[in-house]
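Chain by chain, the residues run as shown.
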Amino acid sequence: MENISKGLVYFLYVVAFVLLNIMYLIYLERKFSAFLQQRPGPNRVGPRGLMQTLVDVVKLFSKEDIIPEKADRWVFRLASLLVMVPALLVYVVLPFGKNMVIADLNLGLFYFLAVASLSSVFVLMAGWGSRNKFSLLGGMRVVAQVISYEIPMIFSLLGIVMLSGSLKMTEIVSAQSKVWFVFLQPVAFVIYFIAATAELNRGPFDLPEGEQEIIAGPFTEYSGIRYIMFYMAEYTHMIAVSALATTLFLGGPSGPVLPSWLWFILKTYFMILLFMLVRWTFPRIRLDHMMNFNWKYLIPISLANILLTGIGIQIFQLMKG
Amino acid sequence: MVAEQQNNGLHTEEMTLNFGPQHPSTLGVYQAILTLNGEYLVNVENVIGYLHRGMEKIAESRTYAQFVPYTDRLDYLSGMLNELGYVLAVEKLAGITVPERAEYLRIIMGELQRIASHMVFLGSMALDINGFSAWMYLFRDREKVLDLFEMVSGNRITTSYMRIGGVCYDLPDEFVPALNKFFSGMDKNFDEYDRIITGNEIFRARTQGVGVISGEKALAYGLTGPNLRASGVDMDLRRDTPYGIYPRFDFKVITGKNGDCFDRWMMRIGEMKESMKIIKQALQQIEDGPVLTKVPRVLKPPSGAVYHQIEGSKGALGYYLASDGSDKPYRLHIHAPSFVNIGAFPEMAKGGTIQDAVVILASLDPVLGEIDR
């Protein structure tokens, strides 16, 4: 009983952390893109526009909750409610600092990947339930994209698992005490980064929400608070994916001088800025090119990476004696 | 072909999708009724007319001089060129000659407007491939051209600068230094466009070999301007049927080879550079003098009809003017290049994906103000 209540309290901490981060991530994204495009960005509400997101959220809260007449009401509603669940659940296994992990599962990495991939179901529900042709096309694109990019993502992480010999997050972190895995597995890092961009539906893989083609994809019919939910889920997911990259490739919360949780946040924000840089400089890829790129390049390369890692480990062990 | 393979053994249905008139990438209130097989387009139907304002009819109840501001609203991205075409037609009808300096000013403004219009083209096509930053870069630079227009005419978009018999104002003192500053910055800017979008691998994959139209077919559809030249047909009214003082300038007519979206893109960049060359020559040759000739207060051209066409930013922009000897046109017809260009869109888009269609539409550079008039 005590364990459960402790877990719940931790989870509330995580929710607070995530929500606070999202608020300023949206602001950061807008400021960062403004910086890239040589314009000032939001600067009206509060000092340097810092309160902009808050005001935007308040505005969206006050909007009418419109459900299209022909929509599948339950699916439509459930999708917007449930989409945050997997996005938040993945935080359970992330080590935010030394001894700062809610549940250090033996199958931590596996748990993360399995739960994270659930969110595509809810996006598909949104696309299907809206009964809007643009939403439907967006929903189809989500499934096609997320399912195919999941494969190279998992393959690229297998190299990490082989090196650390564990799926437990804390053990993967401690395996990096000498050298970060990004130096041992650079190919895997690049593949993970590309596949994660696709999983997040961010540019250049933002086909499911391709504004210029299908308005807002599955979210076309959503308004007000329901729209916020999808928006928040997207950013929650982005923080989680960046945090996972930090844990697996950048040595997690370890670092000199500064406290471990600060290192973790700094590294996570470095990853987030990388995602933003890519999003604001690349145009959108075409659907068939995206598929080709995945099946013809990413998957073979990630398989070769696994093979090379295996050979490398064998050679290392032979040399060691 | 692709569609048939996908249908193998599965029951699928075609879907009709109303693409517009309210849609982020229809560049105005254009509607296309798409018949889709999954992501692939089976049929495309053009629907236009949402922006019809009856321009040609309005002209019949306005005097010749009063209609000049209306032409700004045709293709609202190239007001100067629309005015130029109209006043040239009226001058041809009434037999008015224009002072030398005004001729040069017209060329300078017209070519600046071409640069501004092509910048919007590049920006909006980049935006349709989600090159949001590239769009911002191009609009940043277009602002500088609009600033120049504001200096000289007081307005940025609907300039009303051309007059029958010349132009309305001479250049202010600060104009030439500002223009030179803009030009010296452009070399760096072209480099920036190359790096942020033209050289991008994804951009090339999205545009090369997409929306191909052969030179023959382009001629058959009546395409003009950059869209025709991109298909390899060497035709430019500035050189072929010179008007104004264009023969005095040395410039190249840029042509493409493949007639795909990428060629149409590169065309515009090349044309911007050529326009800059023309303006530089004009600035060297221009001499002091009056900018407006004496035109009777109430202009009554002799009865008759003329057709005059110029090389607009989107293609051959023609004005057919019929006069019955009164102070108002008896009939005005506007041959709008965008109207003709968009006719080729269904055939070019068929068989591709929705994503291709968006790029092809943008690459044709249609402006709805001109299509619907």
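We now turn to the structure provided with this report. These numbers were taken from a predicted model, which means no experiment stands behind them. (Residues numbered from 1 in each chain as written. Chains lettered and ligands numbered in written order. Predicted model: local features only at pLDDT ≥ 70, side-chain atom pairs only at ≥ 80, totals over all residues. Heavy atoms only, no water.)

1. Here we look at the overall build of chain B
So, point 1. Helix and strand counts for chain B stand at 16 helices and eight strands.
So, point 2. Taken against the 2.2 N^0.38 rule, which gives 21 Å for 373 residues, the C-alpha radius of gyration of chain B at 21 Å falls within 12% of a compact globule.
So, point 3. Counting the 373 residues in chain B, one finds 60% classified as buried. (Helix = DSSP H or I, 4+ residues; strand = E, 2+ residues; numbered from the N terminus. Rg over C-alpha atoms; globule rule 2.2 N^0.38 Å. Buried < 20%, exposed > 50% of the residue type's maximum accessible area, 1.4 Å probe, protein only.)

2. Observations concerning the nonpolar core
Nonpolar side chains in soluble globular proteins generally cluster together in the buried interior.
So, point 1. Judged by nonpolar contacts, the single largest core of 112 residues is most densely connected at Tyr86(B), Met109(B), Leu112(B), Phe182(B) and Phe345(B).
So, point 2. When residues of this core are assigned to their parent elements, the largest contribution, 13 residues, is made by helix α5 (residues 100-128) of chain B.
So, point 3. In contact with Phe345(B), not counting residues within four places along its chain, are Tyr30(B), Ala32(B), Val44(B), Asn46(B), Ala357(B), Ile360(B), Leu361(B) and Leu364(B).
So, point 4. Among the nonpolar cores identified, the runner-up in size contains 82 residues, and Val146(A), Phe189(A), Phe193(A) and Ile239(A) belong to it. (Core = buried A, V, L, I, M, F, W, Y, C linked by side-chain atoms within 4.5 Å. Contact = heavy atoms within 4.5 Å.)

3. Topic: the sheet that holds strand β2 (residues 31-37) of chain B
Residue and element names in this part refer to chain B.
So, point 1. Reading across from one edge, β1-β2-β3 is the order of the three strands in this open sheet, with antiparallel pairing throughout. Edge strands, defined here as strands with exactly one partner in the open sheet, are β1 (15-19) and β3 (40-47). Here the average twist between neighbouring strands, direction ignored, is 20 degrees.
So, point 2. Bridge count between β2 and β3: seven bridges; the pairing is antiparallel. Paired with Asn37 across the strands is Tyr40, a residue of β3. (Pairing = 2+ DSSP bridges. Axes fitted to C-alpha atoms, helices over the stretch in contact; angles between N-to-C directions.)

4. Some words on the environment of Glu143(B)
So, point 1. Relative to the helices and strands, Glu143(B) resides in helix α6 (residues 132-153).
So, point 2. Residue Glu143(B) is classed as partly exposed on the basis of its relative accessible area, which comes to 34%.

5. Examining the interface of chain B and chain A
So, point 1. Contact residues are listed per partner, giving 35 residues for chain B and 25 residues for chain A.
So, point 2. Of all residues in chain B, Asn130(B), Ile202(B) and Gln355(B) bury the most surface against chain A, accounting for 22% of the area lost on that side.
So, point 3. Counting every contact that joins chain B to chain A gives two salt bridges.
So, point 4. A salt bridge links Arg141(A) to Glu39(B), with the nearest nitrogen and oxygen atoms 2.6 Å apart.
So, point 5. Linking chain B with chain A are twelve residue pairs in polar contact (both at pLDDT 80 or more), by the criterion used here.
So, point 6. Contributions of two or more residues to the side of chain B that touches chain A are made by β1, α5, α6, α7 (175-198), α8 (201-207) and α15 (354-364) of chain B.
So, point 7. Per-class residue counts for the side of chain B that touches chain A are 18 nonpolar, eleven polar and six charged. (Buried area = accessible area lost by both parts, 1.4 Å probe. Salt bridge = Lys/Arg side-chain N within 4 Å of Asp/Glu carboxyl O. Polar contact = N/O pair within 3.5 Å; in protein donor to acceptor, adjacent residues only side chain to side chain. Nonpolar A, V, L, I, M, F, W, Y, C, P; charged D, E, K, R; others polar.)

6. Notes on helix α3 (residues 73-82) of chain A
Residue and element names in this part refer to chain A.
So, point 1. For α3, the full list of buried residues reads Phe76, Ala79 and Ser80. All buried residues of α3 lie within an arc of 90 degrees about the axis, which places them on one face of the element. In α3, those exposed residues whose orientation departs by more than 90 degrees from the buried face are Trp74 and Leu81.
So, point 2. In this fold, the buried residues of α3 make contact with α5 (108-129) and α11 (224-249). (Arc of directions from axis to C-beta.)

7. Looking at a nonpolar patch on the surface
All names here are of chain A.
So, point 1. Side chains of Tyr24, Leu50, Met51, Leu54, Val55 and Val58 sit close together on the surface and give an oily, nonpolar patch of about 450 Å² of accessible area.
So, point 2. Broken down by element, the residue count for the nonpolar patch peaks at three residues, all from helix α2 (residues 52-61).
So, point 3. Positionally, Leu50 belongs in the loop between α1 (2-36) and α2.
So, point 4. The partly exposed category is assigned to Leu50, whose relative accessible area is 32%. (Patch = residues over 30% accessible without salt bridge, like charges linked within 9 Å, V, L, I, M, F, W, Y side chains within 5 Å. Areas by Shrake-Rupley, 256 points an atom, 1.4 Å probe, with all protein chains shown as cover.)

None of this, on its own, says anything about what the molecule does.
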